[in-house]
Amino acid sequence: MRLKTKYLSQKIWFFIFFLSIATICFALGFIIYFLVVRGYKVINWEFLTALPSRGMTEGGILPAIVGTLYLIIGSIVVSLPLGVFSAVYLEEYAKPSPTVTLLRLAIHCLAGVPSVVFGLFGLGIFVKLFGFGVSLLSGSLTLGIMALPIVITSVEEALKTVPLSFREASLALGATKWVTIRRVVLPAALPGILTGLILSVGRVAGETAPILFTAAAFYARGLPRSIFDRVLALPYHIYGLMTEGTRPEKQVPIAYGTALVLLIMVLLVNFLAIYLRRRSRSARKW
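Residues numbered from 1 in each chain as written. Predicted model: local features only at pLDDT ≥ 70, side-chain atom pairs only at ≥ 80, totals over all residues. Heavy atoms only, no water.

**Here's the deal with the overall build of the protein**
Each helix and strand in the protein was counted, giving twelve helices and two strands. Listing the helices and strands of the protein from first to last along the sequence gives α-α-β-β-α-α-α-α-α-α-α-α-α-α. For the C-alpha atoms alone, the extent of the protein along its principal axes is close to 65 × 60 × 35 Å. Taking all 286 residues of the protein together, the buried fraction comes to 40%. Counting contacts in the protein only where the partners sit at least 6 residues apart, residues at least 24 apart contribute 76% of the total. Of the accessible surface of the protein, which amounts to about 16,500 Å², a share of 70% is contributed by carbon and sulfur atoms. (Helix = DSSP H or I, 4+ residues; strand = E, 2+ residues; numbered from the N terminus. Buried < 20%, exposed > 50% of the residue type's maximum accessible area, 1.4 Å probe, protein only. Contact = heavy atoms within 4.5 Å. Areas by Shrake-Rupley, 256 points an atom, 1.4 Å probe, with all protein chains shown as cover.)

**Here we look at the side chain of Thr68**
Position of Thr68 relative to the elements: it lies in helix α3 (residues 62-93). Of the residues examined, Thr68 reaches a relative accessible area of 2% and is grouped as buried. Sequence-distant contacts of Thr68, defined by excluding residues within four places in its chain, comprise Ala205, Leu232, Ala233, Leu234, Pro235, Leu262 and Met265.

**Concerning the nonpolar core**
In terms of nonpolar packing, the biggest core is built from 24 residues, with Ile61, Ile65, Leu234 and Val261 touching the most fellow members. When contributions to this core are tallied by element, the ones reaching two or more residues are α3, α9 (190-204), α11 (234-243) and α12 (248-283). It is α12 that provides the largest number of residues to this core, a total of nine residues. Excluding residues that lie within four positions of it along the chain, Ile61 makes contacts with Phe47, Ala50, Leu234, His237, Thr258 and Val261. (Core = buried A, V, L, I, M, F, W, Y, C linked by side-chain atoms within 4.5 Å.)

**Focus on the confidence of the model for the protein**
Considering every residue of the protein, the mean pLDDT works out to 85; 96% of them sit at 70 or more. Helix α5 (residues 115-129) holds the highest mean pLDDT among the elements of the protein, 92, whereas strand β2 (residues 58-59) holds the lowest, 76. (pLDDT = per-residue confidence, 0-100.)

**Section: the pattern of salt bridges**
For the structure shown, the criterion picks out four salt bridges. Note that Lys160 is salt-bridged to Glu157, the shortest N-O span being 3.7 Å. Taken as a pair, Lys160 and Glu157 lie in helix α6 (residues 136-160) at a separation of three residues, close to a single helical turn. Lys160 sits in the partly exposed class, given a relative accessible area of 48%. (Salt bridge = Lys/Arg side-chain N within 4 Å of Asp/Glu carboxyl O.)

**As for the environment of Lys250**
As for its placement among the helices and strands, Lys250 is situated in helix α12. Along the sequence, Lys250 and Met56 sit 194 residues apart, while their C-alpha atoms lie 8.9 Å from each other. Beyond its immediate sequence surroundings of up to four residues, Lys250 is in contact with Thr57 and Glu58.

**Description of the packing of aromatic side chains**
Across all of its chains, the model carries nine aromatic pairs by this definition. Grouped by ring-pair contacts, the aromatic residues Phe121, Phe126, Phe130, Phe132 and Phe228 constitute a single cluster. Just above the ring of Tyr93 sits the side chain of Lys177; from NZ or CZ to the centre is 4.9 Å. (Phe/Tyr/Trp six-rings, centres within 6.5 Å; stacked < 30°, edge-to-face > 60°. Lys NZ or Arg CZ within 6 Å of the ring centre and 35° of its normal.)

**Brief notes about the layout of surface pockets**
Of the volumes computed, that of the largest pocket is approximately 160 Å³. As for the largest pocket, its lining consists of Leu69, Ile72, Ile73, Ile76, Leu194, Leu197, Val201, Val269, Leu272, Ala273 and Leu276. Sorting the residues of the lining of the largest pocket by element identifies α3, α9 and α12 as the ones contributing at least two each. Considered class by class, the residues forming the lining of the largest pocket number eleven nonpolar, no polar and no charged. (1 Å grid on protein atoms, 1.4 Å probe; cavity = no way out; pocket = protein on both sides within 12 Å on 5 of 7 lines; lining within 4 Å. Points joined across faces, edges and corners; volume = space filled by probe spheres on them. Nonpolar A, V, L, I, M, F, W, Y, C, P; charged D, E, K, R; others polar.)

**Brief notes about empty space enclosed by the protein**
A full pass over the atoms with the stated rule returns one cavity of 30 Å³ or more. Taken together, Thr68, Leu71, Ile72, Leu143, Val204, Ala205, Glu207, Ile211, Ala233 and Pro235 make up the full set of residues lining the largest cavity. Sort the elements by how many residues they give to the lining of the largest cavity and α3 lands first, with three residues. A per-class count over the lining of the largest cavity returns eight nonpolar, one polar and one charged.

**Points about the packing of α6 against α9**
The contact between α6 and α9 brings their axes to 8 Å, and the two run at 155°. Classified by the angle between their axes, α6 and α9 sit roughly antiparallel to one another. When you trace α6 past α9, the crossing you get is right-handed. Seen from α6, the contacting residues are Leu143, Met146, Ala147, Ile150, Val151, Ser154, Val155 and Ala158; seen from α9, they are Gly192, Ile193, Gly196, Leu199, Ser200, Arg203 and Val204. (Axes fitted to C-alpha atoms, helices over the stretch in contact; angles between N-to-C directions. Parallel < 35°, antiparallel > 145°, perpendicular 65-115°, else oblique. Left-handed = near helix turned anticlockwise from the far one by under 90°.)

Here it is as structure tokens:
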């Protein structure tokens with residue numbers, strides 16, 4: 001009787017787990033289906049390669065695509081080195097202490113700060129105090145700081161998966177601690193680092209509030225020529241089309257098409273990072 005009860009309990013929990021996964025997959029599938037049905041009609045080669053015209057009621061979204069890619073790349077350039085170095089210090093060099101515990105707590109709290117707060121921070125520090133203005137540079141720095149907690153946490157977890165014997169073997173051969181970290185630990189932790197990169201890209205690519213204050217332009221016919229230029233971005237472009245337009249019959253379909261393009265871009269970036277992660281995992285011999 002007791003064995004049957006345990007077996008029944010196990011089946012119930014398995015059903016709950018399956019139901020949770022099915023619910024998530026259904027919600028994701030419904031969102032994708034909704035965007036495809038509403039947005040595929042406007043997507044063509046001209047839509048992807050042309051400049052906007054007639055107050056964004058005609059033309060394409062090339063500047064928004066390029067601006068989004070610039071912001072993603074800029075945020076990675078800011079967050080990845082800082083995140084990796086911070087995680088290496090916390091995991092490999094810092095000894096347990098109240099200060100280190102406080103630092104980790106601050107990182108976890110920073111991950112939960114609303115994105116609009118990061119936007120206000122970027123406006124006050126990068127736009128006003130440093131004098132960068134509303135520009136690609138200010139937006140990249142703001143998004144990079146916003147992605148930093150995710151990168152630090154992911155890299156820390158990746159470093160913990162590297163066996164201690166790897167470090168001991170390298171040190172026994174006469175390598176310094178820094179050489180061991182650079183040549184042994186970081187390459188072995190590369191799949192986990194790429195996981196953090198995937199998560200950070202997924203967050204910053206769709207953010208509107210931070211770039212609203214620091215980088216985005218409502219309308220632009222050309223591409224940014226320097227890091228101090230304003231940029232169009234897909235999330236803000238969608239926001240502008242849905243809230244500020246005067247021709248909703250033309251702008252709403254463009255907004256849905258833009259949302260579909262943004263979703264495809266994020267998926268492609270994630271698939272690329274997943275491919276690189278799998279290659280690095282297959283190259284490991286342990």
